[in-house]
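# Chain and residue survey
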Amino acid sequence: MARPLKPKTPFAERLIRARGAMGRNEAASRLKTHPVTLGSYERGVALPTVEVLIAMREVYGVSLDWLISGMGEMRLPLPEGTSPPLPETLASLDRPRLRSLFQAFIDTVIRQPATLQQKPEELADWLIKGYDWLAGPPSQDDASTPGLP
């Protein structure tokens, strides 16, 4: 497990803020650096190279002026018609499969409105189970569409 970060400099604090919710391992992979090295930047005990700073601008979508000096806007303006890059975990979702799952959930709620009386975590578990079920052929134990609890 990664050590908790204790930034020693304002620059290190901005690096942590720029990474946001992206995990350190994913960020390091996308920056083409080692997670320990990224951690040393984020603690303020080392400084990234110019190449890594440029990669941070691309991966995190931040202004280098803001990242280096704290001046100006944090986020770069996006070209018209584009959206910010998704973390790899979200970008890898099978959207048609996810759409099928949500459609099945909506159909279930329409047919059985009492479904919404379930706890939110139970409904979330059902959606996750359905997503996994749609991933491939059903196992011997689960040969039918996942049902609500």
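Whatever comes next refers back to the structure up there.
What comes next concerns the included structure.

### Quick word on the overall build of the protein chain
- Regarding its fold elements, the protein chain presents eight helices and zero strands.
- Starting at the N terminus and ending at the C terminus, the protein chain contains elements arranged as α-α-α-α-α-α-α-α.
- Relative to its full complement of 149 residues, the protein chain shows a buried share of 30%.

### Considerations on the packing of helix H2 (residues 24-31) against helix H3 (residues 35-43)
- It is the contact of H2 with H3, at a shortest axis distance of 8 Å, that shows an interaxial angle of 105°. Classified by the interaxial angle, the pair formed by H2 and H3 is roughly perpendicular. Residues Arg24, Asn25, Ala27, Ala28 and Leu31 of H2 form the contact with H3, whose own contacting residues are Pro35, Leu38, Gly39 and Glu42.
- Among the residues forming the contact of H2 with H3, the class breakdown is five nonpolar, two polar and two charged.

### Focus: the pattern of salt bridges
- Summed over all chains, the structure comprises four salt bridges.
- Between Arg19 and Glu42 there is a salt bridge; the shortest N-O distance is 2.7 Å. Placement of Arg19 in helix H1 (residues 10-19) and of Glu42 in helix H3 is noted, with a sequence separation of 23 residues between them.
- Judged by relative accessible area, Arg19 falls into the buried class, the value being 13%.
- In this structure, Arg24 engages Glu42 in a salt bridge whose closest nitrogen and oxygen atoms are separated by 3.9 Å. Of the two residues, Arg24 sits in helix H2 while Glu42 sits in helix H3, which places them 18 residues apart along the sequence.
- Accessibility expressed as a relative area gives 13% for Arg24, which makes it buried.
- It is possible to trace a salt-bridge network through shared partners that takes in Arg19, Arg24 and Glu42.

### Digging into a nonpolar patch on the surface
- A cluster of nonpolar side chains, Phe102, Ile106 and Ile110, forms an exposed patch at the surface whose accessible area comes to about 300 Å².
- Tracing the chain through its elements places Ile106 in helix H7 (residues 95-111).
- Look at Ile106 and you get partly exposed, because its relative accessible area is 43%.

### Topic: H2
- The element H2 is extensively covered by neighbouring structure, given that six of its eight residues are classed as buried.
- Of all the residues in H2, the buried ones are Arg24, Glu26, Ala27, Ala28, Arg30 and Leu31.
- Following H2 by one or two positions, Lys32 adopts a phi angle in the positive range, close to 60°.

### Looking at helix H4 (residues 50-60)
- Every buried residue of H4 is accounted for by Val52, Leu53, Ala55, Met56, Val59 and Tyr60. On an axial view of H4, the arc spanned by its buried residues comes to 160°, and they lie on one face. Of the exposed residues in H4, those oriented more than 90 degrees away from the buried face are Val50 and Glu51.
- Contact partners of the buried residues in H4: H1, H2, H3 and helix H5 (64-69).
- Taken from the residues just after H4, Gly61 is the one with a positive phi, measuring 70°.

### Thoughts on the nonpolar core
- Ranked by size, the top nonpolar core spans 19 residues in total, and within it Ala18, Leu31, Leu38, Met56, Tyr60, Val62 and Leu67 carry the most contacts.
- Among the elements of the structure, H1, H2, H3, H4 and H5 are those that each provide at least two residues to this core.
- Here this core takes six residues from H4, the largest share from any one element.
- Residues within four places of Leu31 in sequence aside, it is in contact with Leu38, Val52, Ala55, Met56, Val59 and Tyr60.

Procedures and definitions
Residues numbered from 1 in each chain as written. Predicted model: local features only at pLDDT ≥ 70, side-chain atom pairs only at ≥ 80, totals over all residues. Heavy atoms only, no water. Helix = DSSP H or I, 4+ residues; strand = E, 2+ residues; numbered from the N terminus. Buried < 20%, exposed > 50% of the residue type's maximum accessible area, 1.4 Å probe, protein only. Axes fitted to C-alpha atoms, helices over the stretch in contact; angles between N-to-C directions. Parallel < 35°, antiparallel > 145°, perpendicular 65-115°, else oblique. Contact = heavy atoms within 4.5 Å. Nonpolar A, V, L, I, M, F, W, Y, C, P; charged D, E, K, R; others polar. Salt bridge = Lys/Arg side-chain N within 4 Å of Asp/Glu carboxyl O. Patch = residues over 30% accessible without salt bridge, like charges linked within 9 Å, V, L, I, M, F, W, Y side chains within 5 Å. Areas by Shrake-Rupley, 256 points an atom, 1.4 Å probe, with all protein chains shown as cover. Arc of directions from axis to C-beta. Core = buried A, V, L, I, M, F, W, Y, C linked by side-chain atoms within 4.5 Å.

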